[in-house]
Amino acid sequence: MVKETYLGVDVSPLTYEGIISELQQKMARNEQSTIIAVNPEKVITANRDSQVKSLINESTFQIPDGVGVLLASKLKGGRITSRVTGVDMMGKLLDFAALEGHPVYFYGAKEEVVTKAISEIQKDRPQLKVAGYTNGYEKDESALVQRIHESGAKMLFVALGSPKQELWIKRNLANLPNVLVFQGVGGSFDVFSGMVKRAPAFFRKFGLEWLYRLASNPSRIKRQMNLPIFLWRVLIGKK
Ligand code: UDP
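Residues numbered from 1 in each chain as written. Predicted model: local features only at pLDDT ≥ 70, side-chain atom pairs only at ≥ 80, totals over all residues. Heavy atoms only, no water.

Looking at the Sequence similarities (unreviewed entry) heading of the UniProt record, one finds this comment for the protein chain: "Belongs to the glycosyltransferase 26 family. TagA/TarA subfamily." Looking at the Pathway (unreviewed entry) heading of the UniProt record, one finds this comment for the protein chain: "Cell wall biogenesis; teichoic acid biosynthesis." (UniProt positions renumbered as here; feature names shortened; annotations may be inferred.)

This is the structure we're talking about:
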């Protein structure tokens, strides 16, 4: 798969379906895959922090989560045609796991959030096999890894925020050889639990979630300045 690169950060130009189909082939070969969401904020951080850059570039799939990455691809004549958001990717992976009978494990968020998220997820996918879950405030990492290993999980969703979740995945990938799909999902358990609301459909449809979030929480302005900075640097071709 040929990736697109923006300011030295790789992005997979695949849709949800393209990623699931590649994952299916990799799973059949017993290969592990990691999925990381890329947005302008992470690209700017990666340009300051080489560890973050390698965490992103070493992942199997870098999904174009932010509208900024989609715009950058359009500006540069790339092949990315739509966003692939972390939360929707997780939803599609859960559908796929339910259909194929792959057990899934949920790690992260507060106890009441992760349990509510699982019950909401199971309402829509009654045949989903839940191998287990652990809240994101567990201290004993080796006991947790052992528990996930013994659970028989084939997919693991890690919701600790970025880059904590990606660092956790990197540290523990080799100790979880039977887990074939790892996704760092940030605040997605909060969204599935219904405790955090997504932007209304109108904002989502037009790629304006950033505007909705800014209006509901103006202190995000500093983080959101990364979007124009990112686009400007891509446009002037700064590496
Ligand atoms: N979290 C956790 N353990 C920690 C820190 C954070 O489980 O030590 C959880 C937190 O409860 C929340 C999620 O990680 O559910 C972070 O979501 P956020 O929206 O901040 O992540 P982002 O998508 O911005 O990286």
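A. Local environment of the site of the ligand. Taken together, 13 residues surround the ligand, and among them A109, G136, Y137, K164 and D190 come closest. Contact distances for the ligand include 2.9 Å between a nitrogen atom and a backbone N or O atom of G136. K164 is positioned such that a nitrogen or oxygen atom in its side chain is 2.5 Å from an oxygen atom of the ligand. Across the complex, the protein chains shield 64% of the 550 Å² of accessible surface that the ligand would expose by itself. Across the shell around the ligand, the residue classes tally to four nonpolar, six polar and three charged. (Near = heavy atom within 4 Å. Polar contact = N/O pair within 3.5 Å; in protein donor to acceptor, adjacent residues only side chain to side chain. Areas by Shrake-Rupley, 256 points an atom, 1.4 Å probe, with all protein chains shown as cover. Nonpolar A, V, L, I, M, F, W, Y, C, P; charged D, E, K, R; others polar.)

B. Highlighting the packing of aromatic side chains. In the structure shown here, the tally under the stated rule is six aromatic pairs. The rings of F202, F203, F206 and Y212 are connected pair by pair, giving a single aromatic cluster. Across the ring face of Y16, the terminal group of K92 is positioned such that the distance to the ring centre comes to 5.3 Å. (Phe/Tyr/Trp six-rings, centres within 6.5 Å; stacked < 30°, edge-to-face > 60°. Lys NZ or Arg CZ within 6 Å of the ring centre and 35° of its normal.)

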